[in-house]
Amino acid sequence: MATPSSSSADNIIDGKAIAETIRGEIKEECAALLQSSGVTPGLAVVLVGNRTDSATYVRMKIKACEEVGIHSFKFDFPSDVTEADLIAKVAELNADPAVHGILVQLPLPGHIHEQKVLDTILPDKDVDGLHPLNLAQLAHTNTHGSSRKFDLKTLPYHAACTPQGCIELIERSGTVIEGKEAVVIGRSNIVGIPVFLLLMQKNATVTVIHSRTKDASAVCKRADIVVAAVGRAEMVKPDWIKPGAVVIDVGINSVDDPTSKKGYRLVGDVDFAGCKAVAGKITPVPGGVGPMTIAMLLRNTLQGAKRGLSGGNGN
Ligand SMILES: Nc1nc2c(c(=O)[nH]1)N[C@@H](CN(C=O)c1ccc(C(=O)N[C@@H](CCC(=O)O)C(=O)O)cc1)CN2
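Every chain is numbered independently, its residues counted from 1 as its sequence is written. Two thresholds apply to this predicted model, a pLDDT of at least 70 for residue-level local features and 80 or more for giving and counting side-chain atom pairs, whereas whole-chain, interface and lining totals are computed over all residues.

Recorded under Catalytic activity (unreviewed entry), the UniProt text for the protein chain is reproduced unchanged: "(6R)-5,10-methenyltetrahydrofolate + H2O = (6R)-10-formyltetrahydrofolate + H(+)". UniProt positions are given in the numbering used here, feature names are shortened, and annotations may be inferred rather than shown by experiment. Per UniProt, the protein chain carries the Subunit (unreviewed entry) text "Homodimer."

Here you go:
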């Protein structure tokens, strides 16, 4: 593995730099794949409505695809598109051999049953890792007590992107997960649950904190590794953090800020300034987990294309 420029001089984990390193690795692999098999991985991106944040994330994904040598195909739908029309588009993309990955940008408008649309994506093309079968595969994988290693780069199914990004940030910034006490704050299907499963597969002892947890701060303070994915601005305070712990902040919350040109700024779920003083390492927002989500999407798409060729796990 290339040595990443994983952290700056202080204790900040530089997600932008680590994501750039990974995108470089993917670019090399895409070139090698094209050379050896003539195949260029293809990603279909479905965007519904006119949310500015979703349009920005989709633009970032398409640009990232271009940079590493992945074809992208973009499909725009108005916010009043019917669920049936979206499902029909997904079915069409499922059958298209040039498309190795399908991504439906979330959130979808309220009249559409999000999970129903996601469930329509073929699990092999579900590069977001949000199909229940992919989540189930992650729960079902059992490499414990065997000589096989749990390796994100060679999984025979798709694991969700943001959770994979969290694991890469922890490991590439020099922390061994095995044997550590980890706490995940939040239990969503898109982040909390898969990150819990990934940490468990990496042999951490994992606790999940949620809205009914009693004395969340005391539970959190036991952790060597904290992953905050709760969606509440700066909820995790310095007295929640064990000195020296690794803190991964998944939250991207917009808060009013009249001093900023845009009138708002982005903050995480962690009180960054306060927790930075206590943590061993910590991710910033922006520039932490966000860029990793996109890097992992590219990696899943490449892996999907390789798997399509080998009929196996892509290696
Ligand atoms: N189908 C999906 N929808 C959504 C996902 C997802 O993984 N799959 N995650 C989020 C949005 N998201 C990707 O789609 C995403 C969010 C943030 C970033 C990012 O790099 N953020 C930057 C800041 C960018 C800014 O200034 O606005 C950062 O944190 O540094 C990338 C991807 C919800 N929907």
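Draft legend 1. Geometry of the sheet that holds strand S7 (residues 246-249). For two strands to be treated as a pair, DSSP must find at least two bridges joining them. Secondary structure is summarised from DSSP: a helix means a run of H or I of at least four residues, a strand means a run of E of at least two, and numbering begins at the N terminus for each. In spatial order, the strands read S5-S4-S6-S7-S10; together these five strands make up an open sheet with parallel pairing. Looking at the sheet topology across the chains shown, the edges are occupied by strand S5 (205-209) and strand S10 (281-282). Bridging between strand S6 (residues 225-228) and S7 involves four bridges; their strand directions are parallel. From the neighbouring strand, isoleucine 225 faces S7, where its bridge partner is valine 246. By the convention adopted here, residues make contact when the C-beta atoms placed from their backbones lie within 7 Å. Between the N-to-C directions of two axes lies an angle of 0 to 180 degrees, each axis being a line fitted to C-alpha atoms and, for a helix, fitted only over the stretch in contact. Contacts between helix H6 (residues 161-172) and the sheet are confined to S6 and S7, with S7 contributing the most and set at about 150 degrees to the helix.

Draft legend 2. Structural view of helix H1 (residues 15-37). Helix span, as expected, comes to 1.5 Å for every residue beyond the first. The terminal C-alpha atoms of H1 lie 32 Å apart, and with 23 residues this matches the ideal 33 Å at 1.5 Å per residue to within 8%. With C-beta atoms placed from the backbone, a residue counts as buried when 20 or more other C-beta atoms lie within 10 Å of its own, as exposed when 12 or fewer do, and as partly exposed for counts between those limits. All of the buried residues along H1 are Gly15, Ile18, Ala19, Ile22, Ile26, Glu29 and Cys30. Where H1 is buried, its residues meet helix H2 (52-68), H6 and helix H10 (289-310).

Draft legend 3. Region of the structure containing the domain arrangement of the protein chain. Residue ranges labeled as domains rest on an automatic or database domain assignment. The domain boundaries assigned to the protein chain delineate domain 1 (38-122) and domain 2 (159-291). Look at where the C-alpha atoms of domain 1 and domain 2 centre, and you get two points 28 Å apart.

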